Amino acid sequence: MGSPPSCAVAFRGIGDKKAPLDVEDFKTVVGELRARDWQQSGWLRERETLDGVIGEAHAILRQRGWSVTAQYGIAGGGESSAITLTAYDLACMKRTGAG
């Protein structure tokens, strides 16, 4: 028996002091997806840190049976950041009972 089929694919871009990523980079990624006909479900959710910096952001986009969860976050007091995109094949998820 093999392993169950994967219904998702993920990408993570990591920023640091030498090559930082910020929430504007995240908004650019989401904007590029929307320019390619991905439909944003709801609005862009953001959460500020105690010092007023956006430390987390989240968006969900859909297109042709796929859903992409886009996330941004900072860690280590701003020492590092990441933009993560996880795409899900919705028919596969339903068929396998995942999610």
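Scroll up for the structure.
Residues numbered from 1 in each chain as written. Predicted model: local features only at pLDDT ≥ 70, side-chain atom pairs only at ≥ 80, totals over all residues. Heavy atoms only, no water.

Asks: I keep staring at the nonpolar core and nothing clicks. Help me out?
Replies: Side chains that are nonpolar tend, in soluble globular proteins, to be buried together. The biggest cluster of nonpolar side chains holds 15 residues, and the ones touching the most others in it are Phe26, Val30, Leu33, Leu61, Val68 and Tyr72. Those elements that provide at least two residues to this core are α1 (23–35), β3 (54–63), β4 (66–75) and β5 (80–89). Once residues lying within four places of it in the same chain are set aside, the contact partners of Val68 are Leu33, Trp38, Ala59, Ile60, Leu61, Leu85, Thr86 and Ala87. (Core = buried A, V, L, I, M, F, W, Y, C linked by side-chain atoms within 4.5 Å. Buried < 20%, exposed > 50% of the residue type's maximum accessible area, 1.4 Å probe, protein only. Helix = DSSP H or I, 4+ residues; strand = E, 2+ residues; numbered from the N terminus. Contact = heavy atoms within 4.5 Å.)

Asks: I tried to follow the pattern of salt bridges on my own but got confused; where do I start?
Replies: Side chains bearing opposite charge may pair, as long as their charged atoms lie close to each other. Taken as a whole and judged by the stated rule, the model has five salt bridges. Between Lys17 and Glu79 there is a salt bridge; the shortest N-O distance is 3.8 Å. Taken together, the positions of Lys17 in the loop between β1 (8–15) and α1 and Glu79 in the loop between β4 and β5 put the pair 62 residues apart, joining distant regions of the chain. For Lys27, the salt bridge identified is with Glu46, shortest N-O distance 3.2 Å. Here Lys27, found in helix α1, pairs with Glu46, found in strand β2 (residues 39–48); they are 19 residues apart in sequence, far enough to count as distant. Residue classification places Lys27 among the partly exposed positions, given a relative accessible area of 32%. Linked by salt bridges that have partners in common, Glu24, Lys27 and Glu46 make up one network. (Salt bridge = Lys/Arg side-chain N within 4 Å of Asp/Glu carboxyl O.)

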